[in-house]
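Below are the chains, spelled out letter by letter.
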Amino acid sequence: MPQPVNPPDGIAWITGASSGIGLAVAIELARRGWRVAVTARRGAELEIIAREQSQGGVAGQILAFPGDVTDRAGMAALVARIEAEAGPIALAFLNAGAFFLDDANICGDGFRKTFDLNVIGTANCLEPLAAAMRARGRGQIALNASIAGYGGLPRDPAYCASKSALIVLAESLATPFARDGLLMQVVCPGFVRTPLTDRNTTRMPFLMEVEEAARRICDGFAGGAFEIAFPRRMAWLAKAINMLPYRAYFAVTGKAAAKR
């Protein structure tokens, strides 16, 4: 398997980096000596983040590159711009994602928006990024999925399905990417305190602060294992539940949904 990259190999690029896990990982990577290009739609917020971090005395640097991951052509142009202005992208954390509350229709607007951002948006970034890294024969890419992607859960069909798609996408690309010298990883967090989870009115077991999550993710980048999953007890519990026969699986997840 390809080895993890290091700051001398190039810069890091993070999408969905204006808040939450993306922002926390950007700050943590900068502390570890990386130059970090951050992307989100809110360009003004990114500029503030970059300016504040440059004044904070961290070892690395944060550079603002606004963009919308749902714009396929825009992402191809942005990857080219980042590499032209900041240097080759050695490490990428494709993190942009959300969930949208849906109406009564299974495939309503919320479902479509969730997939457009979480899955299609990731693919829009992945396509030009992989091409650039393949040309150099070196690179590391991590997709931000979720423990919720291990199996279907009541009340969260769009989110679970989109995160499951990202896990399978990473699994499918890991071997062919490795042949080209690229290290593929998937990040599967449990509940992390972010503006996204602040909207959640249900129970969130093993809730973790975003700074701790960022440290674990960055440690995972350095370790090079395919899956970066945490908290481990929650990840193993979810994996075990998904090994149950469906009759038992639906009974367990149904009871959990009722408690919520």
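Structure's up top.
Residues numbered from 1 in each chain as written. Predicted model: local features only at pLDDT ≥ 70, side-chain atom pairs only at ≥ 80, totals over all residues. Heavy atoms only, no water.

### Regarding the packing of helix α4 (residues 109-136) against helix α5 (residues 157-179)
In the contact formed by α4 and α5, the axes pass within 9 Å of each other and the chain directions differ by 15°. Compared by their axis directions, α4 and α5 come out roughly parallel. Note on packing geometry: the crossing formed by α4 with α5 is right-handed. On α5, the residues touching F111, T114, F115, N118, V119, T122, L126, A130 and R134 of α4 are A158, Y159, A161, S162, K163, A165, L166, L169, L173 and F177. (Axes fitted to C-alpha atoms, helices over the stretch in contact; angles between N-to-C directions. Helix = DSSP H or I, 4+ residues; strand = E, 2+ residues; numbered from the N terminus. Parallel < 35°, antiparallel > 145°, perpendicular 65-115°, else oblique. Left-handed = near helix turned anticlockwise from the far one by under 90°. Contact = heavy atoms within 4.5 Å.)

### A closer look at the environment of K255
Along the polypeptide, K255 turns up in helix α8 (residues 246-259). Judged by its relative accessible area of 60%, K255 falls in the exposed class. C-alpha of K255 to C-alpha of P154: the two residues are 101 residues apart in sequence and 9.9 Å apart in space. (Buried < 20%, exposed > 50% of the residue type's maximum accessible area, 1.4 Å probe, protein only.)

### Here's the deal with the nonpolar core
Core analysis: the largest hydrophobic core is formed by 41 residues, its most contacted members being W13, I82, I89, L94, I141 and M184. Of all the secondary-structure elements, those providing two or more residues to this core are β1 (11-15), α3 (72-85), β4 (89-94), α4, β5 (139-144), α5, β6 (182-189) and α7 (232-241). If near-sequence neighbours (up to four positions away) are discounted, I141 is found in contact with A92, L94, L126, L129, M133, F177, L183, M184 and Q185. Judged by nonpolar contacts, the second largest core, of 36 residues, contains A12, A24, I27 and A40. (Core = buried A, V, L, I, M, F, W, Y, C linked by side-chain atoms within 4.5 Å.)

### Observations regarding the pairing of β1
Of all five residues in β1, five are buried, a share of seventy percent or more. In β1, alternate side chains face the same way, and those of I11, W13 and T15 on one face and A12 and I14 on the other are all buried. In the sheet, β1 pairs with β4 via four bridges, with the strands oriented parallel. If you follow I11 over to β4, its bridge partner there is I89. Here four bridges tie β1 to strand β2 (residues 35-39), and the two strands are oriented parallel to one another. Bridge pairing in β2 links W13 to A37. As a crossover connection, the stretch from β1 through helix α1 (residues 20-31) into β2 is right-handed. (Pairing = 2+ DSSP bridges. Right-handed = clockwise from strand over helix to strand, strands pointing away.)

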